[in-house]
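# Breakdown of the fold
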Protein chains: 4
Amino acid sequence: MSNILVVYSSLFGANAELAEKIQQILQEQGDQVRVRGVKQIVLAEAQKPDARQGREANADDLAWAQGFVLTSPAHTGLLSAALKAFVDENHDAAVSGQFLNKAFTGMSTGAFTHAGQERVVDELNAIGAAWGCIIVPPSTALPELNTADGNPYGLSFVLDKGKLPDQPWVEQALALHLRRFSGVTAALVPLQIGGSAPTESRASAITAFS
Amino acid sequence: MSNILVVYSSLFGANAELAEKIQQILQEQGDQVRVRGVKQIVLAEAQKPDARQGREANADDLAWAQGFVLTSPAHTGLLSAALKAFVDENHDAAVSGQFLNKAFTGMSTGAFTHAGQERVVDELNAIGAAWGCIIVPPSTALPELNTADGNPYGLSFVLDKGKLPDQPWVEQALALHLRRFSGVTAALVPLQIGGSAPTESRASAITAFS
Amino acid sequence: MSNILVVYSSLFGANAELAEKIQQILQEQGDQVRVRGVKQIVLAEAQKPDARQGREANADDLAWAQGFVLTSPAHTGLLSAALKAFVDENHDAAVSGQFLNKAFTGMSTGAFTHAGQERVVDELNAIGAAWGCIIVPPSTALPELNTADGNPYGLSFVLDKGKLPDQPWVEQALALHLRRFSGVTAALVPLQIGGSAPTESRASAITAFS
Amino acid sequence: MSNILVVYSSLFGANAELAEKIQQILQEQGDQVRVRGVKQIVLAEAQKPDARQGREANADDLAWAQGFVLTSPAHTGLLSAALKAFVDENHDAAVSGQFLNKAFTGMSTGAFTHAGQERVVDELNAIGAAWGCIIVPPSTALPELNTADGNPYGLSFVLDKGKLPDQPWVEQALALHLRRFSGVTAALVPLQIGGSAPTESRASAITAFS
């Protein structure tokens, strides 16, 4: 029952599709979800007919969220400039400490087996770390995830002709990881700014930053 | 009031000293703490008169812990072989899922300003991710940490002639970060194997893995 | 006597200053140098009075160069969105193979000791790798560099109130590393597209990609 | 016609097989090749009947080589402790500068699609950087490599029941990358300690470090 913000960067459509799947699963679990895109800043319009950003993420969405899911394609092996521009624009909010102890997980897509998917989720986690978030990686301790794609730092997907693989393990892996992410987010809410920390140790964790 | 295991690798003494400081701070906060070393596997004995491992970490320590603090010097810019050997030895326990949702934070030391301290904590976090832990980085959102050393992925320390800097900010940074780490660990305990998950969403997070 | 392109991203002036120093040193060594900025895409104009991009890097500059020096500040611990946008815009040229065997080195700046400087040069090197370049890191094998800043993956600088440190080691470290970079670039030119490979093994290396 | 040292870590046999393939290809290209293993330090003997180290790499091998190929499985998402122990043991030789300007490329294997293969080659490259080597990544600019496995930072292989995939692209990718690696190594030899630098710019690059 937490507030989860999904921010995606989608130049050719796959990450927009991924974000929709994430939204559906989180809502079925009972979370409040906002799905937001980021402005696509490279390539002329004619070169990116499938670029999708829907409603753009803004500072209010970031403040509202108790947990973040960020997704990006691997572009030149790194996260997209479009998503990074969104992060850079919101730097002041991040360093003000308002994201402290929010839950964070990153996901990525790539055009071939190793197009930088591990590196992109690692970059996303670095953003979460800088923001003061608590990072929730999928882990290799879940056999179902290993046989899916296995990326221990964040879920990732090898695209099939530019689209998410049309296979049942995609939804299964998302459901398994997001269920855990949702549980961790709920557990962290009392430690967030404005949270009601029920125990002394939680209270002191908050106090340290307020 | 959680069980925290501190595992350090110390070839020349600095990380053993760091582990002692961590222990003292965590105990003052009310946590149960075990401090354990790892077997030093490189160099002949005569070349490492300051190597310290104290009591060696074992599988029981890993099972007992609800939160992990791992510290390593940067050796050739990466974590020490000694600490990695400990991780490799305990691979089976990790993939069995018994570390799921335990809290994790990494720390590192280096002989000069950039000897790999960022990379070492990033490797440590990767171990935490593979183990199924929840990662607690120090963040750049805490101004006190920025003016200390600033490493957003894990606390790190530039050594002064092989020793931790003899400056008040070292204890201050440790106290600030460990207070937060302790709070997050306590919040995650109900989600760990054997934890008592009081809400449905937490319960389902557990169920997913048991 | 090689063609070196320096591309910098500078929101507050430090990397523009760094690029000028690089240019001066390379020219004194006899290299042909182009120094180019990238469009600053975040923050309103009033918030970045010191943003400097000079002449913007373009596809012709990339084709002309036999060696690349890329510099970026650490923004949220990662390379700037502005520099990444430049990379994303030129993706097609990169994957066409025209940058194969060009020399590459990355540099970074940060506002405090560990603001992501190691990570940023690592990201830059990843761009070089994706482009098919040969990476020239500064190494820890040069004691002069260790006592300067020591970053083994790319030169980096902790800023002093937003500016490069006003200390002799800055130019010394740049001169030492760029002298080596220049030598490696010259050695690689025969292996680049259009190069005159004087030996069979070099010729075959070219053939493999043309 | 260069001296190439292949160092592998093989607990279950796949990297030993990889090293043999590398040796065969390099020898067919005319290079002098030494293939060496590292001592396997984890697990009891009975648990690793397929551990293979053959002749162990030593300091003389490192000195002899003009180019290095290092291969490691992904263990807990990072390079094996066994290979890291070899690196740590030879730290003094590395920082003495004797590896300056030698060519370096890393390779990795993993049990599933993303078991840390990207991260392991990145760690290997970091070792090469610290040693003062010049890094030769495979690049994404070679379409044949992208359709193989695609890892732009170092060749990597998803194992099939513990073995290298029995498919023609494995040898093809190795041949393509090693042909380029061999050409780059030959071009760098004059810049190495003891090399005959034929041009002034190369000579000065050597001078800087001798």
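Residues numbered from 1 in each chain as written. Chains lettered and ligands numbered in written order. Predicted model: local features only at pLDDT ≥ 70, side-chain atom pairs only at ≥ 80, totals over all residues. Heavy atoms only, no water.

### What to know about the overall build of chain A
- When you go through chain A residue by residue, the secondary structure sums to 8 helices and 7 strands.
- In summary, chain A has a C-alpha radius of gyration of 17 Å against a globular reference of 17 Å for 210 residues, a match within 12%.
- Expressed as a percentage of the 210 residues in chain A, the buried residues total 68%.
- A fraction of 73% describes how many contacts in chain A between residues 6 or more apart in sequence connect residues 24 or more apart. (Helix = DSSP H or I, 4+ residues; strand = E, 2+ residues; numbered from the N terminus. Rg over C-alpha atoms; globule rule 2.2 N^0.38 Å. Buried < 20%, exposed > 50% of the residue type's maximum accessible area, 1.4 Å probe, protein only. Contact = heavy atoms within 4.5 Å.)

### A word on the relation of the copies chain A and chain B
- Mapping chain A onto chain B leaves a residual RMSD of 0.0 Å; the transformation is a rotation of 180° accompanied by 0.0 Å of translation along its axis. What the rotation and shift describe, once combined, is the action of a two-fold rotation axis. In terms of C-alpha distance to the rotation axis, chain A has Ile-135 of chain A as its closest residue, with the C-alpha 2.5 Å off the axis.
- The fraction of interface residues of chain A whose copies in chain B are also interface residues reaches 100%, indicating that both copies meet through the same surface. (Least-squares fit on C-alpha atoms with pLDDT ≥ 70 in both.)

### Some thoughts on the relation of the copies chain D and chain C
- Rotating chain D by 180° and moving it 0.0 Å along the rotation axis overlays it on chain C with an RMSD of 0.0 Å.
- Comparing interface residues between copies, 100% of those in chain D also sit at the interface in chain C, which points to an isologous, same-surface contact.

### Quick notes on the packing of aromatic side chains
- Here the structure, examined in full by the defined rule, presents 20 aromatic pairs over all chains.
- Relative to Trp-169 of chain A, the ring of Phe-157 of chain A has its centre 6.0 Å away and its plane inclined at 15°; by these criteria the two rings are stacked. Taken together, the residues Phe-157 of chain A in strand β7 (residues 155-158) and Trp-169 of chain A in helix α7 (residues 168-188) connect sequence positions 12 residues apart.
- Of the residues examined, Phe-157 of chain A reaches a relative accessible area of 1% and is grouped as buried.
- Seen from their ring centres, Phe-68 of chain B and Trp-131 of chain B are 5.2 Å apart, and the 70° between their planes marks the pair as edge-to-face. Here the residue Phe-68 of chain B occupies a position in strand β3 (residues 67-75), and Trp-131 of chain B occupies one in helix α5 (residues 117-131), the gap between them amounting to 63 residues. Neither Phe-68 of chain B nor Trp-131 of chain B differs from the other in exposure class; each is buried.
- Grouped by ring-pair contacts, the aromatic residues Phe-68, Phe-99, Phe-104 and Trp-131 of chain A constitute a single cluster.
- Arg-119 of chain A extends its terminal NZ or CZ atom over the ring of Tyr-153 of chain D, reaching a point 4.3 Å from the ring centre. (Phe/Tyr/Trp six-rings, centres within 6.5 Å; stacked < 30°, edge-to-face > 60°. Lys NZ or Arg CZ within 6 Å of the ring centre and 35° of its normal.)

### Re the packing of helix α1 (residues 14-28) of chain C against helix α7 (residues 168-188) of chain C
Residue and element names in this part refer to chain C.
- With their axes 10 Å apart at the nearest point, α1 and α7 run at an angle of 55° to one another. With respect to each other, α1 and α7 are oriented oblique. In the crossing of α1 with α7, the sense of the turn from one axis to the other is right-handed. Where α1 approaches α7, its residues Leu-18, Lys-21, Ile-22, Ile-25 and Leu-26 are matched on the opposing element by Val-170, Glu-171, Leu-174, Ala-175 and Leu-178.
- Among the residues making up the contact of α1 with α7, the classes are represented as 8 nonpolar, no polar and 2 charged. (Axes fitted to C-alpha atoms, helices over the stretch in contact; angles between N-to-C directions. Parallel < 35°, antiparallel > 145°, perpendicular 65-115°, else oblique. Left-handed = near helix turned anticlockwise from the far one by under 90°. Nonpolar A, V, L, I, M, F, W, Y, C, P; charged D, E, K, R; others polar.)

### Some points on the confidence of the model for chain A
All names here are of chain A.
- Averaged over every residue, the pLDDT of chain A is 88; residues scoring 70 or more account for 93%.
- Note that residues 197-210 has pLDDT below 50 and, in this model, 29 contacts with residues that lie over four places away or in other chains.
- As a predicted assembly, this complex carries a pTM of 0.92 together with an ipTM value of 0.90. (pLDDT = per-residue confidence, 0-100.)

### Considerations on helix α7 (residues 168-188) of chain B
- Its 21 residues place the ends of α7 of chain B 31 Å apart at the C-alpha level, agreeing with the 30 Å of an ideal helix rising 1.5 Å per residue.
- For α7 of chain B, a buried count of 15 out of 21 residues is recorded, marking the element as mostly surrounded by other parts of the structure. (Expected span 1.5 Å × (residues − 1).)

### A word on the interface of chain D and chain C
- Chain D puts 38 residues into the contact, and the matching count from chain C is 38 residues.
- The interface formed by chain D and chain C includes 0 salt bridges.
- Counting residues per element, the ones that place at least two in the side of chain D that touches chain C are α4 (91-95), α5 (117-131), β6 (134-135), α7 (168-188) and α8 (200-207) of chain D.
- Ranked by residue count, the leading element in the side of chain D that touches chain C is α7 of chain D, at 8 residues.
- Partitioned by chemical class, the residues of the side of chain D that touches chain C number 25 nonpolar, 9 polar and 4 charged. (Salt bridge = Lys/Arg side-chain N within 4 Å of Asp/Glu carboxyl O.)

### A closer look at the interface of chain A and chain B
- Listed per partner, the contact involves 38 residues of chain A and 38 residues of chain B.
- Together, the buried faces of chain A and chain B total about 3,100 Å²; carbon and sulfur atoms form 64% of this surface.
- Applying the counting rule to chain A against chain B returns 0 salt bridges.
- The interface formed by chain A and chain B contains 5 residue pairs in polar contact (both at pLDDT 80 or more).
- Among the secondary structure elements, those contributing two or more residues to the side of chain A that touches chain B are α4 (91-95), α5 (117-131), β6 (134-135), α7 and α8 (200-207) of chain A.
- For the side of chain A that touches chain B, the leading source of residues is α7 of chain A, giving 8 residues. (Buried area = accessible area lost by both parts, 1.4 Å probe. Polar contact = N/O pair within 3.5 Å; in protein donor to acceptor, adjacent residues only side chain to side chain.)

### Examining the pairing of strand β1 (residues 3-8) of chain A
Residue and element names in this part refer to chain A.
- In terms of burial, β1 is a largely internal element, 6 of the 6 residues being buried.
- What you see with β1 is no split at all: Asn-3, Leu-5 and Val-7 on one side and Ile-4, Val-6 and Tyr-8 on the other are buried throughout.
- When β1 meets strand β2 (residues 32-37), the two strands line up parallel, connected through 6 bridges. Within the sheet, the bridge partner assigned to Tyr-8 lies in β2 and is Gly-37.
- Two strands pair when backbone bridges link them, and β1 and strand β3 (residues 67-75) are joined in this way by 5 bridges, in the parallel orientation. Residue Leu-5 lies in a different strand from β3, and its bridge partner there is Phe-68. (Pairing = 2+ DSSP bridges.)

### Some remarks on unusual backbone geometry
- Residue Lys-161 of chain A is not a glycine yet carries a positive backbone phi of 50°.
- Here Lys-161 of chain A shows up in the loop between β7 and α7.
- Take Lys-161 of chain A: its relative accessible area is 82%, and that puts it in the exposed class.
- In this model, Thr-76 of chain D sits at a positive phi of 50°, which is unusual for a non-glycine residue.

### Some points on the pattern of salt bridges
- Scanning all chains against the criterion turns up 28 salt bridges over all chains.
- The salt bridge involving Arg-34 of chain D is made with Asp-60 of chain D; its shortest N-O contact spans 3.1 Å. Of this pair, Arg-34 of chain D sits in strand β2 (residues 32-37) while Asp-60 of chain D sits in helix α2 (residues 59-64); the two residues are 26 residues apart in sequence, bridging distant segments of the chain.
- Residues joined in a network through salt bridges with shared partners are Arg-34, Arg-36, Asp-60 and Asp-61 of chain A.

### Some remarks on the environment of Gln-27 of chain C
- Here Gln-27 of chain C lies in helix α1.
- The spatial distance from the C-alpha of Gln-27 of chain C to the C-alpha of Ile-4 of chain C is 9.6 Å, given a sequence separation of 23 residues.

### Examining the side chain of Ser-182 of chain A
Residues and elements named next belong to chain A.
- Structurally, Ser-182 is set in helix α7.
- Residue classification places Ser-182 among the buried positions, given a relative accessible area of 4%.
- Those residues in contact with Ser-182 that lie beyond four places of it in its chain are Ser-2, Gln-29 and Asp-31.

### Observations concerning the packing of helix α3 (residues 81-89) of chain B against helix α3 (residues 81-89) of chain D
- Viewed as axis vectors pointing N to C, α3 of chain B and α3 of chain D meet at an angle of 170°, and their least axial separation amounts to 9 Å. Comparing their axes, α3 of chain D and α3 of chain B come out roughly antiparallel. Contacts between α3 of chain B and α3 of chain D involve Ala-81, Lys-84, Ala-85 and Asp-88 of chain B on the former and, on the latter, Ala-81, Lys-84, Ala-85 and Asp-88 of chain D.
- Looking at the contact of α3 of chain B with α3 of chain D residue by residue, the class counts come to 4 nonpolar, no polar and 4 charged.

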